[in-house]
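Descriptive analysis of the structure
The residues making up each chain are set out below.
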Amino acid sequence: MSLFQSLRSLARRVTPFVGAAMLVSACSTSESTAPNIPSNPAVETYAASTGVVIAQMTKVNDNLYTRDAVVGTGADAVIGRRVTVAYKGMLTSGQVFDQGTISFNLGAGEVIPGWDQGVAGMKVGGSRKLVIGSSLAYGNRGAGGVIPPNATLVFDVTLNGVQ
């Protein structure tokens, strides 16, 4: 089971009104000792293997940058629709921490907020790079022992379907 699938399963057991903040809290059974200092994607150093040149990306907000590698021609990924994406997740060092395929309801808080915001607007067949600051990812707790506290994450995502 991938990290996202594990977290999605956890999110289904958490009451909906608690949202992503509770999901971040639930990712660890012990309190974090990391300071709550969110990462800043604009000033990170990215390994060449991530393919990130932040100056060439579109700033969606302070914690989300995107760049379309391929603009799809199929159905639009809109809030409320179920989407299926193939992905590869990396740390800024280039270390791959997860990859696979996942389906989720866009905008429902089943994935990290950076995904809900970053996948919205894609079209089926499209590929997009997402650079997500820690406040839209896993915050100062990290996740699964693989994503450190306050980590900026890099994802390559391909939208395979919209229902």
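Everything numeric in this text was worked out from a predicted model, so none of it was measured. (Residues numbered from 1 in each chain as written. Predicted model: local features only at pLDDT ≥ 70, side-chain atom pairs only at ≥ 80, totals over all residues. Heavy atoms only, no water.)

**Here's the deal with the overall build of the protein**
Within the protein, the secondary structure is distributed over three helices and six strands. For the protein, the N- to C-terminal ordering of α and β elements is α-α-β-β-β-β-α-β-β. Counting only residues that meet the buried cut, the protein has 45% of its 163 residues in that class. For the protein, restricting intrachain contacts to residue pairs at least 6 apart in sequence, the fraction spanning at least 24 positions comes to 66%. Summing over all exposed atoms, the protein offers an accessible surface of approximately 7,700 Å²; the carbon and sulfur share of this is 52%. (Helix = DSSP H or I, 4+ residues; strand = E, 2+ residues; numbered from the N terminus. Buried < 20%, exposed > 50% of the residue type's maximum accessible area, 1.4 Å probe, protein only. Contact = heavy atoms within 4.5 Å. Areas by Shrake-Rupley, 256 points an atom, 1.4 Å probe, with all protein chains shown as cover.)

**Here we look at the sheet that holds strand β2 (residues 64-70)**
Spatial strand order, β1-β2-β5-β6-β3-β4: six strands in an open sheet with antiparallel pairing. Edge strands, defined here as strands with exactly one partner in the open sheet, are β1 (58-61) and β4 (96-105). Adjacent strand axes in the sheet meet at a mean angle of 25 degrees, parallel and antiparallel pairs treated alike. Here nine bridges tie strand β3 (residues 82-91) to β4, and the two strands are oriented antiparallel to one another. Counterpart to T84 in the pairing with β4 is S103. (Pairing = 2+ DSSP bridges. Axes fitted to C-alpha atoms, helices over the stretch in contact; angles between N-to-C directions.)

**Some words on the pairing of β1**
Inspection of the sheet shows β1 paired to β2 by three bridges, in the antiparallel sense. Across the sheet, the residue bridging to T58 is T66, located in β2. Counting the residues in the hairpin turn of β1 and β2 gives two residues.

**Quick word on the nonpolar core**
Ranked by size, the top nonpolar core spans 28 residues in total, and within it V83, F104, W115, V119, I132, L153 and F155 carry the most contacts. Counting only elements with at least two residues in this core, the list comes to β3, β4, α3 (113-119), β5 (127-132) and β6 (153-162). Here the element with the most residues in this core is β6; it accounts for five residues. Setting aside its immediate chain neighbours within four residues, V83 contacts A77, I102, S103, F104, L106, V119, L159, G161 and V162. (Core = buried A, V, L, I, M, F, W, Y, C linked by side-chain atoms within 4.5 Å.)

**What to know about the side chain of T66**
Residue placement: T66 occurs in strand β2. When residues no more than four places from it in sequence are discounted, the contact partners of T66 are M57, T58, V60, R128, K129 and L130.

**Section: the pairing of β3**
Connecting β3 to the next strand, β4, in antiparallel fashion are four residues, including G94 with a positive phi near 95 degrees. Of the pairings in the sheet, the one linking β3 to β6 comprises nine bridges and is antiparallel in character. Its bridge partner being in β6, M90 is matched across the sheet by V154.

**Some thoughts on the pattern of salt bridges**
Within the structure shown, the criterion is met by four salt bridges. The salt bridge partner of K59 is D62, with a shortest N-O separation of 2.9 Å. Residue classification places K59 among the partly exposed positions, given a relative accessible area of 48%. Residues D76 and K123 are paired through a salt bridge, measuring 2.6 Å at the closest nitrogen-oxygen approach. Placement of the pair is D76 in the loop between β2 and β3 and K123 in the loop between α3 and β5, with a sequence separation of 47 residues. Residue K123 is classed as partly exposed on the basis of its relative accessible area of 31%. (Salt bridge = Lys/Arg side-chain N within 4 Å of Asp/Glu carboxyl O.)

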